Amino acid sequence: MNKTALMRLLAALAAIALIAGACGSDGDSSTSTASSDADSSDGDGDGDAGGDDAAAGCAVGETDGPLAIYNWTEYMDPDLKDAFAAEFGVEVTEDNYDSNEAMQPIINAGGSGYDFIVPSDYMVSIMIDAGDIQPLQKDAIPNLSNLASEFASGLPYDPDATYTAPYQWGTTGLGVDLSVTGEDVPRTWGLIFDPDLAAQYGLDGQAATLLNDPRETMGAALKYLGYSLNTTSADELAEAQALVSDSLDRVAAFDSDQYDELLVTGDSAVAHGYSGNFLFQFLDAENPDQYTYFVPDEGGTRWIDNMAIPHDAPHPCTAHTFINFLLDAERGAQLTNWNLYASPNEAAVEFIDQEVLDDPIVYPTDTSKLEEIEDTGDFEISYSDAFIAAKG
């Protein structure tokens, strides 16, 4: 049994121990777990109670209808959804997005029908300013006490943790196929952005993928140029735009969904993406040692994804109960053991597999070259415009 299979087995056993009889899911991007009691907590079964007023009186463990999740792809252990559905007698469905910029307008427009979302750090402050998410009812989430102190409060995008609770954190960097580049590959964004270096390491032609994400991809180009990924300089951003545009003949796709799979299937040889997704794929590959992941020496992103409830969530009490459920120590560990991203849940550490805790891809030992994406205010549209123009 390989390491990934063992991790999944342990996660499944943990879920069974928590909820006897919880059944598995096929892991598709849209899933549903049903119960005949799905809307019983509404009283009238219509599932339409929602918004800030409905959330104000939520009690611990209260549900007011089914749970509709809007999350990043392959980011939630299906067994956790099944366990929640079984324990609380509600239906759980999930849809997925590939960038914060794709998710936010849907929530902002209202009427999305989603109860639970996972925005990244800088997007949280944007959504707070836009009125997209509602304050959390902390009395309904006692497991907030399980968070490590550095994640419990003081985060720049939500200093008092009024609107969000951290979900997972990780880094953004490069996954590389060493059978193409050789073992001595330099740790640099130049593998994508420098045509001569790319050719030297067998990465000419359309061997690369970049994330379909304005802040991440423009940020990678900015870091290679020696700038902050939070610059508000139009000139610096224009340089980054030109760099991405000049790399198009080496870029097979802008992809935030299957980039890790494309790497291990040989459809690309260097890929821009998220730490845990790469590790998950590497461990499942026929030869895990063929691949590596690193944050380039020029620097990269350290991100924190967060749990939030849309301003008009139809079932806010169910959403609060789900946040509390995920912040349980053993369930928090189950999430990390499954998706291989670092947990902000201090109480979960004792239940996280030691090999996961010891893996520098999951828990980097040196964070000095990492930078967190911040909300740049009115300049945000410049990142989106530059990204669209760079892709051509």
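Residues numbered from 1 in each chain as written. Predicted model: local features only at pLDDT ≥ 70, side-chain atom pairs only at ≥ 80, totals over all residues. Heavy atoms only, no water.

Engineer: Quick one: what's the story with the pattern of salt bridges, residue by residue and with numbers?
Structural biologist: Summed over the entire model, instances satisfying the criterion amount to 8 salt bridges. A salt bridge links Glu 94 to Lys 81; its shortest N-O distance comes to 2.6 Å. In this pair, Glu 94 is assigned in strand E3 (residues 92-97) and Lys 81 in helix H3 (residues 78-88), connecting sequence segments 13 residues apart. In terms of burial, Glu 94 and Lys 81 fall into one category: buried. Residue Arg 302 is joined to Glu 150 by a salt bridge in which the shortest nitrogen-to-oxygen separation is 3.8 Å. Taken together, the positions of Arg 302 in strand E10 (residues 300-307) and Glu 150 in helix H6 (residues 149-152) put the pair 152 residues apart, joining distant regions of the chain. Given the relative accessible area of 15%, Arg 302 is considered buried. (Salt bridge = Lys/Arg side-chain N within 4 Å of Asp/Glu carboxyl O. Helix = DSSP H or I, 4+ residues; strand = E, 2+ residues; numbered from the N terminus. Buried < 20%, exposed > 50% of the residue type's maximum accessible area, 1.4 Å probe, protein only.)

Engineer: Explain the nonpolar core to me, using residue names and the numbers behind them.
Structural biologist: Among soluble globular proteins, nonpolar side chains are generally buried collectively. With 80 residues, the main nonpolar core has Phe 116, Ile 117, Phe 322, Ile 323 and Leu 326 as its most contacted residues. Excluding anything up to four places from it in sequence, Phe 116 contacts Leu 67, Ala 68, Ile 69, Tyr 70, Met 76, Met 307, Ala 308, Pro 310, Phe 322, Ile 323 and Leu 326. One finds Ala 240, Tyr 383, Phe 387 and Ala 390 within the second-largest nonpolar core, a separate group that totals 32 residues. (Core = buried A, V, L, I, M, F, W, Y, C linked by side-chain atoms within 4.5 Å. Contact = heavy atoms within 4.5 Å.)

Engineer: Provide a residue-level description of the state of the cysteines, including the pertinent values.
Structural biologist: Across all of its chains, the model carries 1 disulfide by this definition. A disulfide bridge connects Cys 58 with Cys 317, and the sulfur atoms are separated by 2.1 Å. Residues Cys 58 and Cys 317 are joined by a disulfide whose S-S torsion is about -85°; by sign, that bridge is left-handed. Of this pair, Cys 58 sits in the loop between helix H2 (51-55) and strand E2 (67-72) while Cys 317 sits in helix H14 (residues 316-326), and the two are 259 residues apart along the sequence. For the residue pair Cys 58 and Cys 317, the accessibility class agrees, reading buried in each case. (Disulfide = S-S within 2.5 Å.)

Everything listed here is a matter of geometry and, on its own, says nothing about what the molecule does.
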